[in-house]
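One-letter residues, chain by chain:
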Amino acid sequence: PSPLGEHGPARIIAMCNQKGGVGKTTSTINLGAALAEYGRRVLLVDFDPQGALSVGLGVNPMELDLTVYNLLMERGLTADEVLLKTAVPGMDLLPSNIDLSAAEVQLVSEVARESALARALKPLMNDYDYVIIDCQPSLGLLTVNALTAAHSVIVPLECEFFALRGVALLTETIEKVCERLNPDLRLDGILATMYDSRTVHSREVLARVVEAFGEHVFHTVIGRTVRFPETTVAGEPITTYASNSVGAAAYRQLAREVLARCHVE
Ligand code: ADP
Ligand code: MG
């Protein structure tokens, strides 16, 4: 992919699956880092009160005074007061911590409660090419905010037995948000993660996912490797931690697919 002369308007991608442990946070960090390597300006939004995305980028969520929570709830606060630069050139982070769990409750009584995140991101749109929102494992109001702000959704699916369980509920939620709040929202793709080519089981699950979603499945498949848990401890993306690894190559391939598939309209 060729470098860009100028940046924005950003395409917003929600990384979403209400199941935990399927690779949402890992995919957010590494897709973001790979897009940044290709010269794109990237903003990662930690939208899970657990703060795993922030931790994965070497930030201690407990030490933060300002997080995405403040940006959602406080008028007059600007994003640059909350933004953090990451070690990856061109990639910034809107961090979060447990404070964000209060937003789920506090937003309920707000006007246009589903579009708080969209409003908060709006002033940033011309500063970035991609904004990736790392959703929490639920379909609650925070995730609905992410889907309302997004142009498209990527759904990481673990190549495990019950992977497809719950996907119907997720696609229903996406359809509802599409009907009521965000008519332009679309499903970019299903991303198969934690694939183990040595097991028949993994291959069978992947075949079923392709059968169910056809063209919506990314050609890139993310293999299972301990390199990913290692990167969390290191607090950096696999693209810098183990630049020549299979995992880094996979996320670079995904980035090229995203650049080709989810072009900015
Ligand atoms: P989620 O955000 O959906 O809960 P994570 O990205 O945090 O999922 O991944 C859950 C755990 O699995 C983490 O410990 C992560 O390091 C690990 N992991 C993620 N992707 C892979 C992979 N491809 N192979 C092996 N472990 C992985
Ligand atoms: Mg996560």
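Right above here is the structure, for reference.
Residues numbered from 1 in each chain as written. Chains lettered and ligands numbered in written order. Predicted model: local features only at pLDDT ≥ 70, side-chain atom pairs only at ≥ 80, totals over all residues. Heavy atoms only, no water.

## Section: the site of ligand 1
Taken together, 15 residues lie near ligand 1, and Gly21, Lys24, Thr25, Thr26 and Gly223 sit nearest. A distance of 2.9 Å separates an oxygen atom of ligand 1 from a polar side-chain atom of Lys24. Within the backbone of Pro229, a nitrogen or oxygen atom sits 3.3 Å from an oxygen atom of ligand 1. Isolated, ligand 1 exposes 550 Å² of accessible area, and the fraction of that covered by the protein chains is 78%. Mapped by element, the contributors of at least two residues to the shell around ligand 1 are helix H1 (24–37), strand S8 (217–223) and helix H9 (227–234). (Near = heavy atom within 4 Å. Polar contact = N/O pair within 3.5 Å; in protein donor to acceptor, adjacent residues only side chain to side chain. Areas by Shrake-Rupley, 256 points an atom, 1.4 Å probe, with all protein chains shown as cover. Helix = DSSP H or I, 4+ residues; strand = E, 2+ residues; numbered from the N terminus.)

## Topic: the pairing of strand S2 (residues 42–47)
Among the six residues in S2, six count as buried, and that is most of the element. Both faces of S2 are covered, namely the face carrying Val42, Leu44 and Asp46 and the face carrying Leu43, Val45 and Phe47. In the sheet, S2 pairs with strand S4 (residues 91–94) via four bridges, with the strands oriented parallel. Bridging from a neighbouring strand, Leu44 pairs with Leu93 of S4. By the bridge criterion, six bridges tie S2 to strand S5 (residues 130–135) in an arrangement that is parallel. Residue Phe47 lies in a different strand from S5, and its bridge partner there is Cys135. (Buried < 20%, exposed > 50% of the residue type's maximum accessible area, 1.4 Å probe, protein only. Pairing = 2+ DSSP bridges.)

## Topic: H1
When the terminal C-alpha atoms of H1 are compared, their 20 Å separation across 14 residues agrees well with the 20 Å that a helix rising 1.5 Å per residue should span. Of all 14 residues that make up H1, twelve are buried, and the element is covered over most of its length. Every buried residue of H1 is listed here: Lys24, Thr25, Ser27, Thr28, Ile29, Asn30, Leu31, Gly32, Ala33, Ala34, Leu35 and Ala36. Gly39, located one to two residues past H1, shows a positive phi value of around 90°. (Expected span 1.5 Å × (residues − 1).)

## Comments concerning unusual backbone geometry
For the bond from Gly8 to Pro9, the omega torsion is -5°, close enough to zero to count as cis. Mapped onto the elements, Pro9 comes out in the segment before strand S1 (11–15). Even without glycine at this site, Ala112 takes up a positive phi of about 50°. Structurally, Ala112 can be placed in the loop between helix H4 (100–106) and helix H5 (116–121). Unlike most non-glycine residues, Met194 shows phi in positive territory, near 55°. Tracing the sequence through the fold places Met194 in strand S7 (residues 186–195). Residue Met194 is classed as partly exposed on the basis of its relative accessible area of 21%.

## Considerations on the packing of H1 against helix H11 (residues 246–261)
Close contact between H1 and H11 brings their axes to 8 Å; oriented N to C, the two are set at 70°. Relative to H11, the element H1 is oriented roughly perpendicular. Two secondary-structure elements touch here, H1 through Thr26, Ser27, Asn30, Leu31, Ala34, Leu35 and Glu37 and H11 through Tyr251, Arg252, Leu254, Ala255, Val258 and Leu259. By residue class, the composition of the contact of H1 with H11 is eight nonpolar, three polar and two charged. (Axes fitted to C-alpha atoms, helices over the stretch in contact; angles between N-to-C directions. Parallel < 35°, antiparallel > 145°, perpendicular 65-115°, else oblique. Contact = heavy atoms within 4.5 Å. Nonpolar A, V, L, I, M, F, W, Y, C, P; charged D, E, K, R; others polar.)

## Quick look at the nonpolar core
Of all hydrophobic cores here, the largest spans 55 residues; its most connected members are Phe47, Leu121 and Ile133. No other element matches helix H6 (residues 141–149), which puts six residues into this core. If near-sequence neighbours (up to four positions away) are discounted, Phe47 is found in contact with Val68, Leu72, Leu100, Leu117, Ile133, Asp134, Cys135, Gln136, Leu142, Asn145 and Ala146. (Core = buried A, V, L, I, M, F, W, Y, C linked by side-chain atoms within 4.5 Å.)

Geometric descriptors of this kind do not, in isolation, establish any biological role.
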